[in-house]
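# Summary of the model geometry
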2 protein chains.
Amino acid sequence: MSKPTPERRQSFATPLAEKKRKRPDMTADLLRERLLDAGLKPGDRMPAEWLAPDALKVSRGTLREALKILEFQGLIASKTGPGGGIFVRAMTPSDAIQTATNLFLQRPPTITDIYALRKQLEPELAADAATHLPDEALVTLKETIRIYEKRPESGEEEYLQRLAELDFHAELARNASNPVLGFTCALLLNLLRDLPQCRAIYQKPNPGLRETGILYQIELIRAIAERDPLKARDIMTGHMIEAERYMQTRERLLLEDSETGAGG
Amino acid sequence: MSKPTPERRQSFATPLAEKKRKRPDMTADLLRERLLDAGLKPGDRMPAEWLAPDALKVSRGTLREALKILEFQGLIASKTGPGGGIFVRAMTPSDAIQTATNLFLQRPPTITDIYALRKQLEPELAADAATHLPDEALVTLKETIRIYEKRPESGEEEYLQRLAELDFHAELARNASNPVLGFTCALLLNLLRDLPQCRAIYQKPNPGLRETGILYQIELIRAIAERDPLKARDIMTGHMIEAERYMQTRERLLLEDSETGAGG
DNA sequence: AGATATTTGTTCGTATGTATT
DNA sequence: TAATACATACGAACAAATATC
């Protein structure tokens, strides 16, 4: 048998094809196809013969652009020096989160949209953490909330504390035993951090929120340490409901502000 | 306060930074930052002065690599000729879904992982459809289930029907009024379609499943037409629980198969 | 229809940086 | 430290595409 795998793996080519494929794109697609078909694993070296300028009928420059594409996609990494070359790299969730965030920056969802998912998923994440989170990660979590343990003294500090609060959730997402759940929660956090509306809210002073926020998280850490998933889930559910209500209130305030005052 | 916007938008740099940023990557990040800060909309032309080799202190080749990265991220497109240049491109959800799918093909989640999210999100999608789905989309939905209304006559036909069933859910996702919810559900469907394990399950004959599947969907369409979100949510919840149980059973069967028989 | 100008796309030669030996 | 092997970066020149006259 000459071809053990006759199936063509074409699901990776961009589905909504542009008018014309250009050479670097085609080269990148070709290489990716080979990569996946050959079943190369992260850490494996990319065969040098694939990269010979002659093998692909493209020049070094074009080849380099193709490699750049794959590198950005997270599929490969290059190492200099002898024994160096192109290596298959494990994709990181952040690569994919980045692209998805880009998408939603162009068509921003509402805060209600984001929390519709957070209300469903964060409690699951908390329960997951209570059953699976390793002890080392628990330590990291405790350190994270230490950043905003003390009352902020300036507006900027308050803003940084708010971001650290997102990091707390991000740490949970990073350690999720369910990778898809972790990915989605991380994406939602990224949106909260980057969407202009949310940034505007975070940058304004928010007296009062901090107290309830940190209380929830202390309780949550305790529940996780006790390995009590039901309790963890309940706490997170309550936290999400409060957080959504808070964000919506602030959003309304911000809208009223921009309508009445400060025309500019 | 001399600087009106002192905030640096650095969250876009890969959070888990590699050892060394290289020039094309840095250039790409810089350009993306400018793009977002300037609030350029899809269709807008990228100012030529940003691309002057002098402005960025990089050569044209390096600049082109940076542009290639952004192009692959879906952020820009280029046009040749007079009046041509670099244009901001409207990103499509499929761009981002593709990248995320790439990620999960490298570290496949389990079926349980996927359904942990589907159980939470698909019911919300159904409820959303019952309140927001336009009547035209309802017609499309009815046409979709017509594909698998009749009993399949061959294995291949059964497989195609299974994919059409995924299309039913995809249609719901496409029409979601909540874009993040729609995106996530579409990603999950993509995973079900592309993950090797799932493909293996779908390609085997599954007597009995079809009947309950189509019943659920007929009921669901009725609930949506009646604009009854609670009912729609309930139906979908039941559907998801059954679907998960089914997939898990088939997965177990497949594992046993590959353990006992057919060593090859 | 055809010539021309403008802008992106491709290639080559060479230089530089960096890690191994 | 010097030699090396390899990736990375630069700049100039050429090719292709396309709108305008």
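Report on the accompanying structure. (Residues numbered from 1 in each chain as written. Chains lettered and ligands numbered in written order. Predicted model: local features only at pLDDT ≥ 70, side-chain atom pairs only at ≥ 80, totals over all residues. Heavy atoms only, no water.)

## Things to note about the overall build of chain A
Basically, it comes down to this: Per the convention used, a helix needs a DSSP run of H or I reaching at least four residues, while a strand needs a run of E reaching at least two, with both numbered from the N terminus. The contact definition used throughout considers only heavy atoms, calling two residues in contact when any of these lie within 4.5 Å. For the area figures, the Shrake-Rupley method with a 1.4 Å probe applies, and any residue is considered shielded solely by the protein chains shown.
Counting secondary structure elements, chain A contains twelve helices and two strands. Contacts in chain A between residues far apart in sequence, at least 24 positions, make up 72% of those at least 6 positions apart. Here chain A displays about 13300 Å² of accessible surface, and carbon together with sulfur accounts for 55% of that area.

## Considerations on the protein's contact with DNA strand C
To keep things clear, this is the line we draw: Residues are counted as near a molecule or strand when any one of their heavy atoms sits within 4 Å of it. Residue type decides the class: Asp, Glu, Lys and Arg count as charged, Ala, Val, Leu, Ile, Met, Phe, Trp, Tyr, Cys and Pro as nonpolar, and the leftover types, Gly among them, as polar.
Around DNA strand C, 16 residues are found, and the nearest of them are Lys22 and Thr62 of chain A together with Arg60, Arg64 and Ser78 of chain B. Sugar and phosphate atoms form 70% of the subset of DNA strand C atoms that lie within 4 Å of the protein. Taken together, the elements giving at least two residues each to the surface near DNA strand C come down to helix H1 (23-37) and helix H4 (60-73) of chain A together with helix H4 (60-73) and strand S1 (76-79) of chain B. Here the residues of the surface near DNA strand C are counted per class, giving three nonpolar, seven polar and six charged.

## Quick look at the protein's contact with DNA strand D
Test applied: In protein, a polar contact means a hydrogen-donor-capable atom and an acceptor-capable atom, both N or O and within 3.5 Å, with residues adjacent in sequence counting only if both atoms are side-chain atoms; elsewhere, any N or O pair within 3.5 Å suffices.
Taken together, 17 residues form the shell around DNA strand D, and within it Ser78 of chain A together with Lys22, Arg23, Thr62 and Pro82 of chain B come nearest. Between DNA strand D and the protein, one listed contact pairs a sugar or linking oxygen with a side-chain N or O atom of Thr80 of chain B at 3.4 Å. Among the secondary structure elements, those contributing two or more residues to the surface near DNA strand D are strand S1 (76-79) of chain A together with helix H1 (23-37) and H4 of chain B. Here the residues of the surface near DNA strand D are counted per class, giving three nonpolar, eight polar and six charged.

## Notes on the pairing of strand S2 (residues 85-88) of chain B
Residue and element names in this part refer to chain B. Put simply, the test is: A pair of strands counts as paired when DSSP detects no fewer than two bridges linking them.
For S1 and S2, the ladder comprises four bridges, and the chain directions are antiparallel. Residue pairing for S2: Ala77 is matched across the bridge by Phe87. Taken together, S1 and the strand that follows it, S2, pair antiparallel across an intervening segment of five residues, in which Gly81 is found at a positive phi of about 90°.

## As for the state of the cysteines
Condition: Disulfides are defined in this document as cysteine sulfur pairs within 2.5 Å. Each residue gets one of three labels from its accessible area relative to the maximum for its type: buried under 20%, exposed over 50%, partly exposed in between, using a 1.4 Å probe on protein chains only.
Tallied over the full model, the rule gives zero disulfides over all chains. Of all cysteine sulfurs in the structure, the one in Cys185 of chain B sits closest to Cys185 of chain A, which takes part in no disulfide; the separation is 14 Å. Accessibility expressed as a relative area gives 1% for Cys185 of chain A, which makes it buried. No disulfide involves Cys198 of chain B; its nearest neighbouring cysteine sulfur is the one of Cys185 of chain B, lying 16 Å away. Accessibility expressed as a relative area gives 1% for Cys198 of chain B, which makes it buried.

## Digging into the pattern of salt bridges
So the rule is basically this: Here a salt bridge means any side-chain nitrogen of Lys or Arg lying within 4 Å of a carboxyl oxygen belonging to Asp or Glu.
Going through the model one piece at a time under the given rule, you end up with 32 salt bridges over all chains. In this structure, Arg199 of chain A engages Asp194 of chain A in a salt bridge whose closest nitrogen and oxygen atoms are separated by 3.9 Å. Here the two residues Arg199 of chain A and Asp194 of chain A agree in accessibility, since each one is buried. For Asp29 of chain B, the salt bridge identified is with Arg32 of chain B, shortest N-O distance 2.1 Å. With Asp29 of chain B and Arg32 of chain B both in helix H1 and three residues apart, this pair spans about one turn of that helix. For Asp29 of chain B, a relative accessible area of 13% corresponds to the buried category. Salt bridges sharing common partners tie together Lys22 and Asp25 of chain A together with Lys68 and Glu71 of chain B.

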